[in-house]
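Chain and residue survey
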Amino acid sequence: MSDWPFNDAGLRTFRRCSGDAGPTDSTELHREALPNNKALFGWYFHGVLPLKHMESQEEKPVIYTMENKPIVTCAGDQGLFTSLYTSLAQQLPREPMEWRRTYGRAPKMIHLEANFVQFKEELLPKEGNKALLTFPFLHIYWTDCCDTETYKSSVKEDMMRWQNTLRSHSSADWVIIVVETNDTKKKNKTNILPRSSIVDKIRSDFCNKQNDRCVVLSDPLKDSSRSLESWNSLLLKLRTLLLMSFTKNLGRFEDDMRTLREKRTQPGWSFCEYFMVQEELAFVFEMLQQFEDALVQYDELDALFTQYVLNFGAGDTANWLSSFCAPVHNWSGLLLRRPIDMEKRDSIQHGEASLLDLRSYLFSRQCTLLIFLQRPWEVTQRALELLHNCVQELRLLEVSVIDGALDCWVFLSCLEVLHRIEGCCDQAELAANCSHTVGLWAYATDK
């Protein structure tokens, strides 16, 4: 049994005022989505749990948001890291870092958090796997060894196995942290080398010309100026390495996504497959609380799909559009009470979504992000445009709809949007902005 204090959720969830439950068990990150836990796994994966798993029926629903964080693996002395975890997790995001992005985009100040998991080889990305949400961005090896014989007989070999494993998976983002405490020195009075000598040995054995990849943390549990200075130095190094890795891998992902988008005129290209790729990028931006950037991804997908529908109406067809021409069998309206509608997302992923399924899911994600951006009135404006556009798109694609079904979908969708806005605004705001909702009320009344 491992002595790491892991919890049950692979990618933890949080709600307002929640605390940190501790490091995460890496085995949960790759748990299979078996039929009897498929839905629950989906919510875990995206950082959201169904309300019934998080609160009693009597509790007022609260807004949940994604708490996927950049994954950082930890190897070496497990007990050592566990003793430092709380301080590390709390202090890492306190100071912002400037994120300089590619293609001339403006830099942003972001607070970097991390999801610390135990190092296991199966967490390392396999060939062709480009997923970012389960990608480990940094690997840390923890040790407080200051004994010559211990270093030679066990620690060095363990470090070597760890580094060879990383190298075999082309993982170059790592750091070794040597923790120095007076207690360690008292326990090992023989074969003790000065700290600098142990660190020099590690740097010589593993770091080559990257001496900055071995960092010393001095007396981390003591309340002293030396400890504070050491913590600050370590935290800066971790933020820097994490941001460097994140920027590099995110840039690579965006390049691959751009290449995939450019192939959209080729036979066999699938909008649904591309949708899942660009949504992964949206999830990453949401993970960093860059909600505007996340919203841009969905807006681009929205515009791309709209253009294909318009082209279809002008006689320019795409093979993948045929699945969206299937008859409508469900007209239950928009669903905006969940941050992620996993049922509709699964249907998109498997190429089984109807036009209304795709539009409903896409708008629900845009709505969630606009609420986070505190722009509820834009939700009402977009909703009215969506409802009118969907009616036109169904006609352009010549989709078969039962008489009255589309009116039901529009009516229920209007009420759902109004209910969602009422849930995030107080009465004074609603009264002052009634002009933003009057269009939806009128459209619902017409139906």
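As recorded in an unreviewed UniProt entry, the protein goes by the name Trafficking protein particle complex subunit 10, listed as coming from Characodon lateralis.

**Looking at the nonpolar core**
With 104 residues, the main nonpolar core has Phe116 and Trp142 as its most contacted residues. Once residues within four sequence positions are removed from consideration, Trp142 is found in contact with Cys74, Ala75, Gly76, Asp77, Leu80, Phe81, Leu84, Leu88, Ile177 and Val179. Grouped together as the second largest cluster of nonpolar side chains are 20 residues, Ala75, Phe119, Tyr141 and Ile202 included.

**Some details on the side chain of Asp147**
Its place among the elements puts Asp147 in the loop between strand 5 (136–143) and helix 4 (148–168). Within the buried set, Asp147 has no salt-bridge partner at all; the shortest N-O distance to an opposite charge, 9.6 Å, is to Lys152. There is a polar contact of 3.1 Å between the side chain of Asp147 and the backbone nitrogen of Glu149.

**Let's talk about unusual backbone geometry**
A positive phi angle, near 55 degrees, is found at Ser170, a position not held by glycine. Summarising the element assignment, Ser170 is placed in the loop between helix 4 and strand 6 (174–180). A positive phi angle, close to 60 degrees, is found at Gln374, a residue other than glycine. Considering the arrangement of structural elements, one finds Gln374 in the loop between helix 11 (355–372) and helix 12 (376–396). The exposed category is assigned to Gln374, whose relative accessible area is 70%.

**Thoughts on the environment of Cys390**
Considering the arrangement of structural elements, one finds Cys390 in helix 12. Along the primary structure Cys390 and Leu356 are separated by 34 residues, whereas in three dimensions their C-alpha atoms are 7.5 Å apart. Discounting chain neighbours no more than four positions away, the residues touching Cys390 are Leu355, Leu356, Arg359 and Trp409.

**Focus on the sheet that holds strand 4 (residues 115–118)**
With parallel pairing, the five strands of this open sheet are ordered in space as 4-1-5-6-7. For this open sheet the edge positions go to strand 4 and strand 7 (214–218), each flanked by a neighbour on one side alone. Sheet twist, expressed as the mean angle between neighbouring strand axes with direction ignored, is 30 degrees. Relative to strand 7, strand 6 runs parallel, the two being bridged by five bridges. Pairing of Ile176 across the sheet is with Cys214, part of strand 7. Lying over the sheet, helix 4 contacts strand 1 (71–76), strand 5 and strand 6, oriented at roughly 175 degrees with respect to strand 5. Here helix 7 (residues 225–262) sits on the sheet and contacts strand 1, strand 5, strand 6 and strand 7; the angle it forms with strand 7, its principal contact strand, is near 145 degrees.

**What about the pairing of strand 5?**
Across the eight residues of strand 5, eight count as buried, placing the element largely inside the fold. Note that strand 1 and strand 5 share six bridges and pair parallel. By the bridge assignment, Gly76 is partnered in strand 5 with Trp142. In this sheet, strand 6 lies alongside strand 5 in parallel orientation, the contact comprising five bridges. Bridging across to strand 6, His139 finds its partner in Trp174.

**What about helix 9 (residues 291–313)?**
A rise of 1.5 Å per residue sets the reference length of helix 9, with its 23 residues, at 33 Å; its end C-alpha atoms lie 33 Å apart and thus fit the reference within 8%. Among all positions in helix 9, only Phe291, Asp293, Ala294, Leu295, Gln297, Tyr298, Leu301, Leu304, Phe305, Tyr308 and Val309 are buried. Buried residues in helix 9 make contact with strand 3 (108–110), helix 7, helix 8 (271–287), helix 11 and helix 12. Backbone geometry just downstream of helix 9 places Gly315 in the positive-phi region, at approximately 100 degrees.

**Structural notes on the packing of helix 10 (residues 342–349) against helix 11**
Any two packed helices are characterised by the angle at which their axes cross and by the distance between the axes. Across the interface, helix 10 lies against helix 11 with an axial gap of 9 Å and an inter-helix angle of 125 degrees. One finds that helix 10 runs oblique with respect to helix 11. The handedness of the crossing between helix 10 and helix 11 is left-handed. When helix 10 is examined against helix 11, the residues Lys344, Arg345, Ser347 and Ile348 are found in contact with a partner set consisting of Asp357, Leu358, Ser360 and Tyr361. Split by residue class, the contact of helix 10 with helix 11 holds three nonpolar, two polar and three charged.

**Observations regarding the pattern of salt bridges**
Scanning the entire structure with this criterion turns up 21 salt bridges. Taking the shortest distance from any N to any O, the salt bridge between Asp255 and Arg258 comes out at 2.9 Å. Here Asp255 pairs with Arg258, and both are found in helix 7, just three residues apart, close to one helical turn. For Glu416, the salt bridge identified is with Arg337, shortest N-O distance 3.2 Å. One end of the pair, Glu416, is in helix 13 (residues 405–424); the other, Arg337, is in the loop between helix 9 and helix 10, with 79 residues separating them in the sequence. What makes Glu416 buried here is its relative accessible area of 10%. Its relative accessible area of 57% is what places Arg337 among the exposed residues. Bridged by salt links that share partners, the residues Glu292, Asp299, Arg375, Glu378 and Arg382 form one connected network.

**Thoughts on a nonpolar patch on the surface**
Together, Phe411, Leu412, Leu415 and Trp441 line one region of the surface with nonpolar side chains, adding up to about 340 Å² of accessible area. Of the residues forming the nonpolar patch, the biggest block, three residues, is contributed by helix 13. As for its placement among the helices and strands, Trp441 is situated in helix 15 (residues 434–446).

**Describing the packing of helix 8 against helix 10**
One way to put it is that helix 8 packs onto helix 10 with a least axis distance of 8 Å and a crossing angle of 135 degrees. With respect to helix 10, the element helix 8 is oriented oblique. Contacts between helix 8 and helix 10 involve Cys272, Phe275, Met276, Glu279 and Phe283 from the former and Arg345, Ile348 and Gln349 from the latter.

Conventions adopted
- Per chain, residues are indexed from 1 in the order of the written sequence.
- Given that this is a predicted model, residues contribute local features only at a pLDDT of at least 70 and side-chain atom pairs are listed and counted only at 80 or more, while totals for whole chains, interfaces and linings are drawn from all residues.
- The basis for every side-chain value is the complete set of heavy atoms in the structure, and neither hydrogens nor water enter the calculation.
- Residues enter a nonpolar core if they are buried and are Ala, Val, Leu, Ile, Met, Phe, Trp, Tyr or Cys, with the set joined through side-chain atoms within 4.5 Å.
- Each residue's exposure class comes from its accessible area (1.4 Å probe, protein chains only) as a fraction of the maximum for that residue type: buried when under 20%, exposed when over 50%, partly exposed otherwise.
- It only takes one pair of heavy atoms within 4.5 Å for two residues to be counted as in contact.
- What counts as a helix is a DSSP run of H or I of at least four residues, what counts as a strand is a run of E of at least two, and both are numbered from the N terminus.
- All tallies of charge rest on Lys and Arg as positive and Asp and Glu as negative; His and the ends of each chain are not included.
- Whenever a carboxyl oxygen of Asp or Glu lies within 4 Å of a side-chain nitrogen of Lys or Arg, that contact is scored as a salt bridge.
- Think of a polar contact as two N or O atoms within 3.5 Å of one another; within protein, one of them needs to be a possible hydrogen donor and the other a possible acceptor, and neighboring residues in sequence only count if both atoms come from side chains.
- Any two strands with at least two DSSP-identified bridges between them are counted as paired.
- Note on definitions: angles span 0 to 180 degrees between N-to-C directions of axes, and those axes are lines fitted to C-alpha atoms, for helices only across the stretch in contact.
- A helix's residues, less one, multiplied by 1.5 Å, set its expected span.
- Any angle from 65 to 115 degrees is called roughly perpendicular, while one under 35 is roughly parallel, one over 145 is roughly antiparallel, and all others are oblique.
- By definition, turning the near helix anticlockwise from the far helix through less than a right angle yields a left-handed crossing, and turning it clockwise yields a right-handed one.
- Each residue gets one of three labels, nonpolar for Ala, Val, Leu, Ile, Met, Phe, Trp, Tyr, Cys and Pro, charged for Asp, Glu, Lys and Arg, and polar for the others, Gly among them.
- Exposure above 30% relative accessible area and the lack of any salt bridge qualify a residue for a patch; like charges then connect within 9 Å, and the nonpolar side chains Val, Leu, Ile, Met, Phe, Trp and Tyr within 5 Å.
- Only the protein chains shown count as cover for residues, and all accessible areas are computed by the Shrake-Rupley method using a 1.4 Å probe.

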